[in-house]
Amino acid sequence: MSQTRVVRIRESILAENKVQAAALRERLTASSVAMVNIMASPGGGKTSLILRTIQELRSEFRIAVVEADIDSTVDADKVTAVGIEAVQIETGGFCHVDATMVQAALAELRLGDLDLILLENVGNLICTAQHDTGAHVNVALLSLPEGDDKPLKYPIMFAAADIVIINKTDYAEIAEFDIDAVRHRIAQLNPRSEVLPVSCRTGDGIAAWIEWLRMRVTPPHGPRC
Amino acid sequence: MPLVCGTKTVPQIGEEWNVVRATIRRPSPSPPVDVPGTDGYANGREARTEGMVHELSITNDILRVVVKHARREKADRVHRVALVVSELSDLQPIWIQRYFDRISEGTVAHGARLEIEHQAPEFLCNRSGCGVRFSVSLRTVDRVVCPQCGGGDCTMQEAADYVVEEIEVS
């Protein structure tokens, strides 16, 4: 029997995806397309935020949506119902999308005809945050009924986000959600992240989100520079 | 077809996991004017079984890296895998080990013991002229401040990573 030996490896298991994601981001930038990755729990309001964003920005930007779902087209159908092109990634049980999957979806779109791609990630707060999709902007969406302890329970999500949108402010009276506590926790994890309360249903706070997004999509701030 | 939860189909090593079916959906010819409905307001609680899926996808990546290096070393068996994982990772080591035992069947890594060490995240101080990198455990501090200049504008460099540090083979 041969002797055991220790082999030093020091290899990140996420490295391969990071390389692919960086290449994808570069390709999008070269085509002057901004991609926004929207992550949340199931029912947090990802599709509602996407529909709101389309409503506000469709006159300014040419938008397409990439929808990731384990095995349904419900969300993609809502997007196409308002006249926007959607590519559906059926992840077949996979709980997040990675750069390879997004690349496959983008092959279905003509990047030259687009300014903005909204990527609706699979609904979960765990591994979606750990896999770079190639997006320029990462949005973490948290809704009041989920509770204000989410940044404590899922720190990686809130550390990876460029902006945290707190949705369903119209539930404030019944949700017992401490927005200041959430701001404080996010500031510890990720001081650069914006925290923006909105209600996709009433439209409260949506203007601030649109303004924030516009700055990141429009040149010279956006991917064209 | 990759597995959905711990009891279903188990992927084979080398099998392509990222099964992607991208389907394009064109808008209907005359789009109705629509505003977000109440659909996004469904109950946001996650399914209980979902927690297992996340460990599984990470475990598959760990196995891929381990087998690649074991092959390179022409090893017959992997006895131990040392991993360094961010302390922010919410994945459960017990599930990572169980999934590893299962999906490594038939590979040189089957039976290997996983040693998981948690590491404090690294931050970069954004104050111009400082730019110090430092590690601090978020379990021990209430607020992240730069140990060099005392500045509070610090960015986490890597929220979550899983690094295969070393393997013990024979």
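Residues numbered from 1 in each chain as written. Chains lettered and ligands numbered in written order. Predicted model: local features only at pLDDT ≥ 70, side-chain atom pairs only at ≥ 80, totals over all residues. Heavy atoms only, no water.

Visitor: Pulling in residues and values, what's your account of the overall build of chain A?
Guide: Within chain A one finds nine helices and eight strands. What you see for chain A is a C-alpha radius of gyration of 18 Å, in line with the 17 Å of a compact globule of 225 residues. Projected onto the principal axes, the alpha-carbon positions of chain A cover approximately 70 × 45 × 35 Å. Put simply, chain A has 225 residues, and 61% of those count as buried. One finds the centroid of the 22 positive side-chain charges in chain A at a distance of 5 Å from the centroid of its 30 negative side-chain charges. (Helix = DSSP H or I, 4+ residues; strand = E, 2+ residues; numbered from the N terminus. Rg over C-alpha atoms; globule rule 2.2 N^0.38 Å. Buried < 20%, exposed > 50% of the residue type's maximum accessible area, 1.4 Å probe, protein only. Lys, Arg positive; Asp, Glu negative; His and termini not counted. Charge placed at Lys NZ, Arg CZ, Asp CG, Glu CD.)

Visitor: Give me the nonpolar core: which residues, what numbers.
Guide: Ranked by size, the top nonpolar core spans 62 residues in total, and within it A:Phe158, B:Ile62, B:Val78, B:Val81, B:Val164 and B:Ile167 carry the most contacts. Ranked by residue count, the leading element in this core is helix α1 (residues 50-72) of chain B, at eight residues. For B:Val81, the residues in contact, after removing those within four places along its chain, are B:Val66, B:Phe100, B:Ala112, B:Arg113, B:Leu114, B:Glu115, B:Val164, B:Glu166 and B:Ile167. Of all hydrophobic cores here, the second largest spans 33 residues; its members include A:Ala34, A:Ala76, A:Ile165 and A:Trp209. (Core = buried A, V, L, I, M, F, W, Y, C linked by side-chain atoms within 4.5 Å. Contact = heavy atoms within 4.5 Å.)

Visitor: Lay out helix α9 (residues 206-217) of chain A in plain terms, naming residues and giving numbers.
Guide: All names here are of chain A. Here α9 spans 16 Å end to end across twelve residues, near enough to the 16 Å set by a 1.5 Å rise per residue. Those residues of α9 not exposed but buried are Ile206, Trp209, Ile210, Trp212, Leu213 and Val217. For α9, the angular spread of buried residues about the axis comes to 160°, placing them on one side. Buried residues belonging to α9 abut β2 (34-40), α2 (46-57), β5 (116-120), β6 (137-143), β7 (163-167) and β8 (194-197). (Expected span 1.5 Å × (residues − 1). Arc of directions from axis to C-beta.)

Visitor: For α2(A), give the residues involved together with the corresponding values.
Guide: Residues and elements named next belong to chain A. The end-to-end C-alpha separation of α2 is 16 Å, in line with the 16 Å expected for twelve residues at 1.5 Å each. Burial runs high along α2: ten of the twelve residues are buried. Among the residues of α2, Lys46, Thr47, Ser48, Leu49, Ile50, Leu51, Arg52, Thr53, Ile54 and Leu57 are the ones counted as buried.

Visitor: Describe the sheet that holds strand β4 (residues 122-125) of chain B, and please don't skip the residues or the numbers.
Guide: Residue and element names in this part refer to chain B. In space, the three strands of this open sheet follow the order β5-β4-β6, with antiparallel pairing throughout. Two strands lie at the open edges of the sheet, namely β5 (133-135) and β6 (154-156), each paired on one side alone. Pairs of neighbouring strands in the sheet enclose a mean axial angle of 35°, with direction left out of account. Bridge count for β4 against β6 is three bridges, and the pairing is antiparallel. When the sheet's bridge partners are listed, Cys125 is paired in β6 with Cys154. (Pairing = 2+ DSSP bridges. Axes fitted to C-alpha atoms, helices over the stretch in contact; angles between N-to-C directions.)

Visitor: Which residues make up the sheet that holds strand β2 (residues 78-86) of chain B, and what values go with them?
Guide: In space, the four strands of this open sheet follow the order β1(A)-β7(B)-β2(B)-β3(B), with mixed pairing throughout. Two strands close off the open sheet at either side, each with one partner strand: β1 (5-12) of chain A together with β3 (113-119) of chain B. Taken over all neighbouring pairs, the strand axes of this sheet differ in orientation by 15° on average, direction set aside. In terms of strand pairing, β2(B) meets strand β7 (residues 162-169) of chain B through seven bridges, oriented antiparallel. Counted as the bridge partner of B:Val78 is B:Val169 from β7(B). Relative to the sheet, helix α2 (residues 93-103) of chain B contacts β2 and β3 of chain B, its axis offset from that of β3(B) by approximately 150°.

Visitor: Break down the packing of α2(A) against helix α3 (residues 74-81) of chain A for me, with residues and values.
Guide: Residue and element names in this part refer to chain A. Two elements in contact, α2 and α3, have axes separated by 11 Å at closest approach and are oriented at 15°. Viewed along their axes, α2 and α3 adopt a mutual orientation that is roughly parallel. In terms of crossing hand, the pair formed by α2 and α3 is right-handed. Contacts between α2 and α3 involve Thr47, Ile50, Leu51 and Ile54 on the former and, on the latter, Asp75, Lys78 and Val79. A per-class count over the contact of α2 with α3 returns four nonpolar, one polar and two charged. (Parallel < 35°, antiparallel > 145°, perpendicular 65-115°, else oblique. Left-handed = near helix turned anticlockwise from the far one by under 90°. Nonpolar A, V, L, I, M, F, W, Y, C, P; charged D, E, K, R; others polar.)

Visitor: Report on the pairing of β2(B), specifying residues and quantitative values.
Guide: All names here are of chain B. Most of β2 is tucked away, with nine of its nine residues classed as buried. The pairing of β2 with β3 spans seven bridges and is classified as parallel. Opposite Val81, over in β3, you have Leu114 as the bridge partner. Since β2 and β3 lie parallel, the crossover through α2 that links them has a hand, and here it is right-handed. (Right-handed = clockwise from strand over helix to strand, strands pointing away.)

Visitor: Provide a residue-level description of the packing of aromatic side chains, including the pertinent values.
Guide: Overall, the coordinates contain three aromatic pairs over all chains when judged by the stated rule. Relative to A:Trp212, the ring of A:Trp209 lies with its centre 6.0 Å away and its plane at 20°, an arrangement referred to as stacked. Of this pair, A:Trp209 and A:Trp212 both sit in helix α9, separated by three residues, roughly a single helical turn. Of the two residues examined, A:Trp209 and A:Trp212, each falls in the buried class. Arranged with centres 5.8 Å apart and planes meeting at 20°, the rings of B:Phe123 and B:Phe134 form a pair that is stacked. Linking B:Phe123 in strand β4 with B:Phe134 in strand β5, this pair joins segments that are eleven residues apart in sequence. The aromatic ring of A:Trp212 is capped on one face by A:Arg216, whose charged end is 3.8 Å from the ring centroid. (Phe/Tyr/Trp six-rings, centres within 6.5 Å; stacked < 30°, edge-to-face > 60°. Lys NZ or Arg CZ within 6 Å of the ring centre and 35° of its normal.)

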